[in-house]
Amino acid sequence: MREIIFRGKRPDNGEWVEGDLYHNFIYNGESKKETRMGNIYFYGCKIHGTAFNMVDPETVGQFTGLEDKNGKRIFEGDIIKNEYSQGIFRKFSVSYDGVIGCWIATYKNTSPHFLYNLIGKIEIIGNIHDNPELLEREGRE
């Protein structure tokens, strides 16, 4: 069974949190139009959870099920780098393509690469929310 988790950034302190995605919920009889993350579990017929943190819905990204060469989990919205020629690196953003149904890595305005084909060679260097400038710079490192 694959692990389905999400990551999002808290608006109150800028911290990234991971867990189950939960939005537009009812709490104490009141409807809440919020996006939160936490760990959901069932006890009897009731849903319970721990550490449900509000997150900015614009920053929510799903875990791809894949890891970079250092064993770090890759999420939608991550920026990865790949050496494509003797010390020259290309940087890609990770997203899901709903038309072909797979995770892709996009380099500038070129055709996307299947993320799975890059595994073992890539490293996460940031994400599009905290470090968008990383996609502009490339070259030797």
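It should be emphasised that the depicted structure is a prediction, and the values quoted were computed from it without experimental measurement.

Draft legend 1. Seen up close, the nonpolar core. Core analysis: the largest hydrophobic core is formed by twelve residues, namely Leu 66, Ile 74, Ile 80, Phe 92, Val 94, Trp 103, Ala 105, Tyr 107, Leu 115, Leu 118, Ile 122 and Ile 124. Sorting the residues of this core by element identifies strand 8 (88-97), strand 9 (102-106), helix 1 (115-118) and strand 11 (122-127) as the ones contributing at least two each. Residues in contact with Trp 103, not counting those within four places in the same chain, are Gln 62, Phe 63, Thr 64, Glu 76, Val 94, Ser 95, Tyr 96, His 113, Phe 114 and Leu 115.

Draft legend 2. Structural detail: the pattern of salt bridges. This model, assessed by the stated rule, comprises six salt bridges. Where Lys 9 meets Asp 130, a salt bridge forms, and the shortest distance between an N and an O atom there is 2.3 Å. With Lys 9 in strand 1 (residues 6-9) and Asp 130 in the loop between strand 11 and strand 12 (139-140), the pair connects residues that are 121 residues apart, well separated along the chain. Put simply, Glu 123 and Lys 81 hold a salt bridge, and the shortest N to O gap is 4.0 Å. Of this pair, Glu 123 sits in strand 11 while Lys 81 sits in strand 7 (residues 78-85), placing them 42 residues apart in sequence. Using a relative accessible area of 23% as the deciding quantity, one classes Glu 123 as partly exposed.

Draft legend 3. Quick look at the environment of Ile 5. Position of Ile 5 relative to the elements: it lies in the segment before strand 1. When residues no more than four places from it in sequence are discounted, the contact partners of Ile 5 are Glu 18, Gly 19, Gly 61, Gln 62, Phe 63, Arg 73 and Phe 75.

Draft legend 4. Representation of the side chain of Asp 97 within the structure. Mapped onto the secondary structure, Asp 97 falls in strand 8. Side-chain polar atoms of Asp 97 contact the backbone nitrogen of Val 99, separated by 2.8 Å. Setting aside its immediate chain neighbours within four residues, Asp 97 contacts Cys 102 and Ile 104.

Draft legend 5. The packing of aromatic side chains, seen in detail. In this structure the tally under the stated criterion is three aromatic pairs. The interplanar angle of 55° and the centroid separation of 5.8 Å between the aromatic rings of Phe 92 and Tyr 107 together place this pair among those described as tilted. You can see Phe 92 sitting in strand 8 and its partner Tyr 107 sitting in the loop between strand 9 and strand 10 (113-114), a full 15 residues away along the chain. Residue Phe 92 is classed as buried on the basis of its relative accessible area, which comes to 3%. Of the residues examined, Tyr 107 reaches a relative accessible area of 11% and is grouped as buried. Above the ring of Trp 16, the side-chain terminus of Arg 7 is found at 4.8 Å from the ring centroid. Over the face of the ring belonging to Phe 89 we find Lys 81, whose NZ or CZ atom lies 4.5 Å from the ring centre.

Calculation notes
- Residues numbered from 1 in each chain as written.
- Predicted model: local features only at pLDDT ≥ 70, side-chain atom pairs only at ≥ 80, totals over all residues.
- Heavy atoms only, no water.
- Core = buried A, V, L, I, M, F, W, Y, C linked by side-chain atoms within 4.5 Å.
- Buried < 20%, exposed > 50% of the residue type's maximum accessible area, 1.4 Å probe, protein only.
- Helix = DSSP H or I, 4+ residues; strand = E, 2+ residues; numbered from the N terminus.
- Contact = heavy atoms within 4.5 Å.
- Salt bridge = Lys/Arg side-chain N within 4 Å of Asp/Glu carboxyl O.
- Polar contact = N/O pair within 3.5 Å; in protein donor to acceptor, adjacent residues only side chain to side chain.
- Phe/Tyr/Trp six-rings, centres within 6.5 Å; stacked < 30°, edge-to-face > 60°.
- Lys NZ or Arg CZ within 6 Å of the ring centre and 35° of its normal.

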